[in-house]
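# Reading the structure
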Protein chains: 4
Amino acid sequence: MELGKVQQAAVACFAQRGFAATGIRELGSAVGLNSATLYHYVGGKEDLLVGIMNDCLAAMISGAEQALAGSNDPVRQLALLVAFHVGFTATNPSTARVTEYEMRALSAKAREQMQELRDAYEQLFADALQAGERQGSFSTVDLGIARLALMEMGTGVSHWYRKDGRLTLAQVQLNFISLAMRILAVPDEFPLPAQQLPVPRVIASEPTSKD
Amino acid sequence: MELGKVQQAAVACFAQRGFAATGIRELGSAVGLNSATLYHYVGGKEDLLVGIMNDCLAAMISGAEQALAGSNDPVRQLALLVAFHVGFTATNPSTARVTEYEMRALSAKAREQMQELRDAYEQLFADALQAGERQGSFSTVDLGIARLALMEMGTGVSHWYRKDGRLTLAQVQLNFISLAMRILAVPDEFPLPAQQLPVPRVIASEPTSKD
Amino acid sequence: MELGKVQQAAVACFAQRGFAATGIRELGSAVGLNSATLYHYVGGKEDLLVGIMNDCLAAMISGAEQALAGSNDPVRQLALLVAFHVGFTATNPSTARVTEYEMRALSAKAREQMQELRDAYEQLFADALQAGERQGSFSTVDLGIARLALMEMGTGVSHWYRKDGRLTLAQVQLNFISLAMRILAVPDEFPLPAQQLPVPRVIASEPTSKD
Amino acid sequence: MELGKVQQAAVACFAQRGFAATGIRELGSAVGLNSATLYHYVGGKEDLLVGIMNDCLAAMISGAEQALAGSNDPVRQLALLVAFHVGFTATNPSTARVTEYEMRALSAKAREQMQELRDAYEQLFADALQAGERQGSFSTVDLGIARLALMEMGTGVSHWYRKDGRLTLAQVQLNFISLAMRILAVPDEFPLPAQQLPVPRVIASEPTSKD
DNA sequence: TATGAATGAGATTTCATTCAT
DNA sequence: AATGAATGAAATCTCATTCAT
């Protein structure tokens, strides 16, 4: 039995019912394991959640950093970030949702650690936005609000995107780049060719059943 | 003891810790009532939540309908809707969040009822968007995504808006109208004077402590 | 609102669900009264039960004594007792059942009092049996067992007798007299004409719905 | 810890205080088990009761069938049945009482199942009585009442029989056979030699403390 | 006479977790 | 690696009862 399977089952349950409402026996039976056996793989319910969130946030940060490396132009960098963010969320909707929603379920200590990672991730967006504004590429009423709106928008993708839905992942990514450019009053709606869109990976904790 | 006080305490707890993680004794002590006494006012934990959500969604629908009545022009109507949505969320952040997050905590029967209300609310946005597009006022890559992005953006306000923060409610509303107009490629970023912004009311379940 | 109505509702509930399983609110709503109001009529759940049992046992004792007065012959006296016992049980099945079953629900003090009455009632049968045996009218393997069997038999009537059933009350009474005479080896199966059968009264606590 | 011990404790409590009045913590402490541990062995209070009643009724049916196999003559068959019934009740007084009394405590679904078993058991008596009457061995005013009286009488044994009492089990059985024969007007009061009396077994749920 | 409000105690049941095997 | 047994703590909810009105 691999850790990934356990994480997948956990994410599936946590995303649907929430962390607090999910029993550890429920998780066990979802992977065919006795509840006591789970304590061999993961040490308690919170450790399981922390592991999932940590992996997810780490993947987000490294993915975003990789995306940033694709260009030196703040405009294109922001487009890359938005594309990655949307892509990651659409590729790992359940894990992303759990990582966002269940911060409150953590103990103070663990929450602080996770929050640091989350802050680091958001800072990448803030930095790119500021760089673009400094060179006069962006125009907004309020840069802070724009950043929050952009990220919230992207996160919301997890609520409705389906792999076999009306739109391909690339289409959604381009669409959101367009939205972002408009929000930032960048004349060129598509500063990025489709070939350069970051292709996010499925992370281990993402359950496969949800097409 | 009024029902409103109980609802406020409940919303405060549910918003912070989540419905499943909040005990009914906790709620009782938050309003200085024995846990058994709570069953006088509300019949069980779920009934309490359903009452809160129902009131909230009803207020959202009627508020949005009132906002729509402020103009016949789809562009201005959409601006009014966005302003109302953002305003309501900023005015009732905890209640709005609970109403959105805790749908999953409901039993099948209650969830269906609440989902109907939620759908009705979202349909008001979809209708306004379609009306504007039909008359050529809006231009988007995909109208569906634009709507989802718009609403998600507005809902996200509950995460960061503070009454005594950097921006006034009206400023935030105008800001979001601007974002919306850009997203929809409407040339006029401010189709609505500040005097016509809808002023949402605080609903009974919204706790006051959160400034 | 009369005490009798409350007792009737209580007996109906106690007979069906049992004393411990019947809530005091249930009783209240059965007679259209607030649970608190019941404390005006009866002082607590146990007092209600004690009142019912006391009335029932008093009626049984006085009824049995009246029956005994109908003859000086031990054989006929026993027949009268059996006829009364069966008649009372069939006329007040629910109250009789509650009085028998729920002795265990009483507190020690109340139980003792009720048990005294019950003992007094059973002693009437024991005395009649001994008198008959002393004069050689009865023949049994064991007089004690005979008495227990006779009484148990009669009590069982509450389980199946229906006012509108196959047999009239008088028929059932005669039938049981016959059984008793056979058990006691009395040659005359019907020492009592139908006109002399005791006609038990319906007591106040007996609900009327059960035909 | 064996299931039998739990059942014994449960039967002892149920017989004395009644099912509804017995708490599950009470049961736990009676066998030295945490209340939560009881849910390992039995799944909830009703399941425990259903298990007990089911075992009891199964034992009664199979025991009665074995008894019936001891003869082809309806008279002797009835004597065997009565002897078994009395014997079983005297051997397992608490379990028998609980099984009879607590039918009402069951949920509709479980009650139906148990009632079916009870009906099957009683049908064995009804059949034997009818067979005997058809061949002219029995004479009664009413066969139905005779059956009810016979069974009730036997069941009542649980109220007074003590293993170390005045009479041995065989004496009680013979005594009741005699009563039955008299009730049915069979000339031979003892159609069964003491050696052929069925010897009922103690079932697992019967507590031992009650001598 | 009648009641809504209120409560402490206790009901059954589930929880995450530990431990010997 | 895996598990059944076991448990303290806590979950939701119901209870009989009191009291001010």
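Definitions and cut-offs
Residues numbered from 1 in each chain as written. Chains lettered and ligands numbered in written order. Predicted model: local features only at pLDDT ≥ 70, side-chain atom pairs only at ≥ 80, totals over all residues. Helix = DSSP H or I, 4+ residues; strand = E, 2+ residues; numbered from the N terminus. Buried ≥ 20, exposed ≤ 12 C-beta atoms within 10 Å, placed from the backbone. Contact = placed C-beta atoms within 7 Å. Near = placed C-beta within 6 Å. Nonpolar A, V, L, I, M, F, W, Y, C, P; charged D, E, K, R; others polar. Axes fitted to C-alpha atoms, helices over the stretch in contact; angles between N-to-C directions. Parallel < 35°, antiparallel > 145°, perpendicular 65-115°, else oblique. Least-squares fit on C-alpha atoms with pLDDT ≥ 70 in both. Domains from an automatic or database assignment.

### Some details on the overall build of chain A
Of the regular secondary structure elements, chain A holds 10 helices and 0 strands. Taken from N to C terminus, the helices and strands of chain A fall in the order α-α-α-α-α-α-α-α-α-α. When its C-alpha atoms are laid out on the principal axes, chain A stretches across 60 × 40 × 25 Å. Sorting the 211 residues of chain A into buried and exposed places 45% on the buried side.

### A short note on the arrangement of the chains
You won't find any contact between chain A and chain D; their C-alpha atoms come no closer than 14 Å. One finds no contact linking chain B with chain D; the least C-alpha distance across the pair is 20 Å.

### What about the protein's contact with DNA strand E?
Around DNA strand E there are 29 residues in total, and A:Gly23, B:Ala36, C:Ala36, D:Gly23 and D:Ala36 lie nearest to it. Counting only elements with at least two residues in the surface near DNA strand E, the list comes to helix H2 (24-30) and helix H4 (45-68) of chain A, helix H3 (35-41) of chain B, helix H3 (35-41) of chain C together with helix H2 (24-30) and helix H3 (35-41) of chain D. Broken down by class, the residue content of the surface near DNA strand E amounts to 12 nonpolar, 12 polar and 5 charged.

### Structural notes on the packing of helix H5 (residues 74-91) of chain A against helix H8 (residues 143-155) of chain A
Residues and elements named next belong to chain A. Where H5 contacts H8, the axes come no closer than 8 Å and their chain directions differ by 30°. When the axis of H5 is compared with that of H8, the two are roughly parallel. Counting all contacts with H5, which are made through Val82, His85, Val86 and Thr89, the residues of H8 involved are Leu150, Met151, Gly154 and Thr155. Partitioned by chemical class, the residues of the contact of H5 with H8 number 4 nonpolar, 4 polar and no charged.

### A word on the relation of the copies chain D and chain C
Structural alignment of chain D on chain C gives an RMSD of 0.1 Å, achieved by rotating through 180° and translating 0.0 Å along the axis. Expressed as a symmetry operation, the mapping of one chain copy onto the other fits a two-fold axis. Taken together, the interface assignments show that 100% of the residues at the interface of chain D recur at the interface of chain C, consistent with an identical surface on both copies.

### Details of the protein's contact with DNA strand F
A:Ala36, B:Gly23, B:Ala36, C:Gly44 and D:Ala36 are the nearest of the 29 residues found near DNA strand F. Every element with two or more residues in the surface near DNA strand F is listed here: helix H2 (24-30) and H3 of chain B, helix H2 (24-30), H3 and helix H4 (45-68) of chain C together with H3 of chain D. Of the residues belonging to the surface near DNA strand F, the class tally is 12 nonpolar, 12 polar and 5 charged.

### Considerations on the interface of chain A and chain B
Taken together, the contacts link 22 residues of chain A with 22 residues of chain B. Put simply, the parts of the chain that give the side of chain A that touches chain B at least two residues each are helix H1 (3-17), H8 and helix H10 (169-183) of chain A. A class-by-class count of the residues in the side of chain A that touches chain B yields 12 nonpolar, 5 polar and 5 charged.

### Section: the domain arrangement of chain A
Residue and element names in this part refer to chain A. In terms of domain boundaries, chain A breaks down into domain 1 (1-43) and domain 2 (49-196). Using C-alpha coordinates to define each centre, domain 1 is positioned 28 Å away from domain 2. Taken residue by residue, the interface counts 9 residues in domain 1 and 9 residues in domain 2.

### Focus: the relation of the copies chain A and chain B
Between chain A and chain B, the superposition needs a rotation of 180° and an axial shift of 0.0 Å, giving an RMSD of 0.1 Å. Interface overlap between copies: 100% of the residues of chain A at the interface are likewise at the interface in chain B, consistent with a symmetric, same-surface contact.

### Let's talk about unusual backbone geometry
Phi at A:Ala185 is positive, roughly 60°, even though this residue is not glycine. Residue class for A:Ala185 comes out partly exposed when judged on the 14 C-beta atoms lying within 10 Å of it.

### Quick look at the interface of chain D and chain C
By a widely used convention, the size of an interface equals the accessible area lost when the partners come together. Of the residues lining the interface, 22 residues belong to chain D; the matching set on chain C comes to 22 residues. Elements that contribute at least two residues to the side of chain D that touches chain C include exactly helix H1 (3-17), helix H8 (143-160) and helix H9 (169-183) of chain D. Classifying every residue of the side of chain D that touches chain C gives 12 nonpolar, 5 polar and 5 charged.

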